[in-house]
Amino acid sequence: MQLAENVVVAGKFRLNHLLGRGGMGSVWHATHLALDIPCAVKFIEGDFAAVPEMQARFQREAKAAAALRSPNVVQILDHDIWEGMPFIAMELLDGEELSKRIGKAGYIPPGEMNAIMSQVCRALGKAHQQGIVHRDLKPDNLFLVRDEDREIVKILDFGIAKSKNPNLDIGGNTKTGAMLGTPYYMSPEQAQGNKSIDGRADLW
């Protein structure tokens, strides 16, 4: 099935319009039919949809974010595979990535950056208490949302997260020597493929 406007996904989400497209898939503005609220639905498409690691990554992203239940982590509504395409439905965010703000302004004033990072650290503290390590923190994965008279930071994309919590099965374990993440933002131990990295890698 081709993704298009007005297509109903899994009997739950009606696609309204395309929000963005990347190398592996797309993100759509959609309506949650049961709740009658707007949401975002992210898909893996094409050849990537059949790759087991890509499917596992989507499942990991959904489970890790849903487990945290933090106002500073994007809220997950559902995840599944529809017509051979893995998807995640999540809250619709109105704002911009930190990377875009930096690109437009050239820099972030210290007071503003302190407010942003305080929220990030709050969410990370909760994640690390539950044994979850994000492993891909970067400006592209920090979304700034305007909420009346304040700004809320949302951490996105737990796709390569790992968990040391035996009660939270999100996978993410890698063989020693395997490097996952974005090179410019990796801690030294993560770049070395150290299997035993912990929350300190996120703080780097």
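Rules and cut-offs
Residues numbered from 1 in each chain as written. Predicted model: local features only at pLDDT ≥ 70, side-chain atom pairs only at ≥ 80, totals over all residues. Heavy atoms only, no water. Core = buried A, V, L, I, M, F, W, Y, C linked by side-chain atoms within 4.5 Å. Buried < 20%, exposed > 50% of the residue type's maximum accessible area, 1.4 Å probe, protein only. Helix = DSSP H or I, 4+ residues; strand = E, 2+ residues; numbered from the N terminus. Contact = heavy atoms within 4.5 Å. Pairing = 2+ DSSP bridges. 1 Å grid on protein atoms, 1.4 Å probe; cavity = no way out; pocket = protein on both sides within 12 Å on 5 of 7 lines; lining within 4 Å. Points joined across faces, edges and corners; volume = space filled by probe spheres on them. Nonpolar A, V, L, I, M, F, W, Y, C, P; charged D, E, K, R; others polar.

Enquirer: Even after reading the chapter, I still don't get the nonpolar core, so can you show me in this structure?
Expert: Grouped burial of nonpolar side chains is what soluble globular proteins tend to show. Ile76, Ile116, Val120, Ile132, Leu142, Ile155 and Phe158 are the most contacted members of the largest nonpolar core, which has 33 residues in total. Going through the elements one at a time, strand S4 (37–44), helix H1 (52–68), strand S6 (85–91), helix H3 (110–129), strand S9 (142–147) and strand S10 (150–155) are the ones with two or more residues in this core. Looking at this core, the element that brings in the most residues is H1, giving six residues. Not counting residues within four places of it along the chain, the set of residues in contact with isoleucine 76 comprises Ala62, Ala65, Ala66, Ile88, Ala89 and Met90. Val9, Trp28, Phe87 and Ala89 belong to the second largest nonpolar core, which has 14 residues in total.

Enquirer: Would you mind going over the sheet that holds strand S1 (residues 8–9) with me for this structure?
Expert: Sheets are built from strands that pair by backbone hydrogen bonding, the pairs being arranged parallel or antiparallel. Read across the open sheet, the six strands follow the order S1-S2-S3-S4-S6-S5; overall the sheet is antiparallel. Two strands lie at the open edges of the sheet, namely S1 and strand S5 (76–82), each paired on one side alone. Pairing between strand S2 (residues 13–21) and strand S3 (residues 25–32): seven bridges, direction antiparallel. Within S3, the residue paired with leucine 15 across the bridge is alanine 30.

Enquirer: I tried to follow the layout of surface pockets on my own but got confused; where do I start?
Expert: Any space left empty among the atoms is revealed by the rolling of a water-sized probe across them. By volume, the largest pocket amounts to about 1000 Å³. Ser26, Val27, Lys42, Glu97 and Leu156 are, among the 33 residues lining the largest pocket, the residues nearest its centre. Of all the secondary-structure elements, those providing two or more residues to the lining of the largest pocket are S2, S3, S4, H1, S6 and strand S7 (95–97). Split by residue class, the lining of the largest pocket holds 14 nonpolar, seven polar and 12 charged. Residue lining of the second largest pocket: 20 residues in total, with Leu137, Lys138, Asp202, Leu203 and Trp204 positioned closest to the centre. Of all the secondary structure elements, the ones that give two or more residues to the lining of the second largest pocket are H3 and helix H5 (200–203).

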